[in-house]
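Architecture at a glance
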Amino acid sequence: MAVGFPLYIDLKDNNCTVFGGGMTAYRAAAALLRFHAKVTVISPTLCAPLAELDAAGHIRYLRRRYCRGDCSGARLCVAATDDRAVNIAISDECKNKSIPVSVEHPKGFGTFTFPHAVICRNTVVTVSGAASLARQEYVSQRLEKALPQWLEEYEKSKQK
């Protein structure tokens, strides 16, 4: 995979649709919620963490399988079902409608991937790229620990 261009988009109050009810779908939904998106999850079943988000009213849950047209009106979509053919159909629909789509499997069908995002005091730092997921996770964990201190140092330097 080539290194992608880091594009930041405003998702606040924008509709984002996640297809699938497993942990991959949960991680995508949780990431979108961190950026104040309105998240709809479409899946016949939900894993426990997604069910908790639904019970708390954080997501809109449609208990069913994907149907052509489900991507309409979404700012972006995530295809995270356990069915490759369904994920490809979601990808095709999104691409035909110029809707960004992340496809978990098979990888080559998406138009974007989720970076590891560290958020602190209205500052967002992301880690992504062609490096292994383990390396990306390591770097993001280090950033998460260091970023508050760096921002504190910045604020102190401005006061001088």
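Conventions used here
- Residues numbered from 1 in each chain as written.
- Predicted model: local features only at pLDDT ≥ 70, side-chain atom pairs only at ≥ 80, totals over all residues.
- Heavy atoms only, no water.
- Pairing = 2+ DSSP bridges.
- Helix = DSSP H or I, 4+ residues; strand = E, 2+ residues; numbered from the N terminus.
- Axes fitted to C-alpha atoms, helices over the stretch in contact; angles between N-to-C directions.
- Disulfide = S-S within 2.5 Å.
- Buried < 20%, exposed > 50% of the residue type's maximum accessible area, 1.4 Å probe, protein only.

Section: the sheet that holds strand 4 (residues 76–79)
Within the open sheet, the five strands sit side by side as 3-2-1-4-5. Their pairing is parallel. Looking at strand neighbours, the two that pair on one side only are strand 3 (59–62) and strand 5 (101–103), the edges of this open sheet. Strand-to-strand, the axes of this sheet are offset by a mean angle of 15°, without reference to chain direction. Strand direction decides the pairing type here: strand 2 (residues 38–42) and strand 3, joined by four bridges, are parallel. Its bridge partner being in strand 3, isoleucine 42 is matched across the sheet by leucine 62.

Here we look at the state of the cysteines
For the structure shown, the criterion picks out zero disulfides. Cysteine 16 forms no disulfide, and the closest cysteine sulfur to it belongs to cysteine 77, at a distance of 8.0 Å. Classification of cysteine 16 by relative accessible area gives buried; the value is 0%. Here cysteine 77 stays unpaired: no disulfide links it, and the sulfur of cysteine 94, its closest cysteine neighbor, is 3.7 Å away.

Side note on unusual backbone geometry
Outside of glycine, negative phi angles account for most residues, and trans bonds account for most peptide bonds. Residue histidine 105 is joined to proline 106 through a cis peptide bond whose omega torsion reads 5°. With respect to the element layout, proline 106 can be found in the loop between strand 5 and strand 6 (116–120). Even without being a glycine, serine 98 presents a positive backbone phi close to 55°. With respect to the helices and strands, serine 98 occurs in the loop between helix 3 (84–96) and strand 5.

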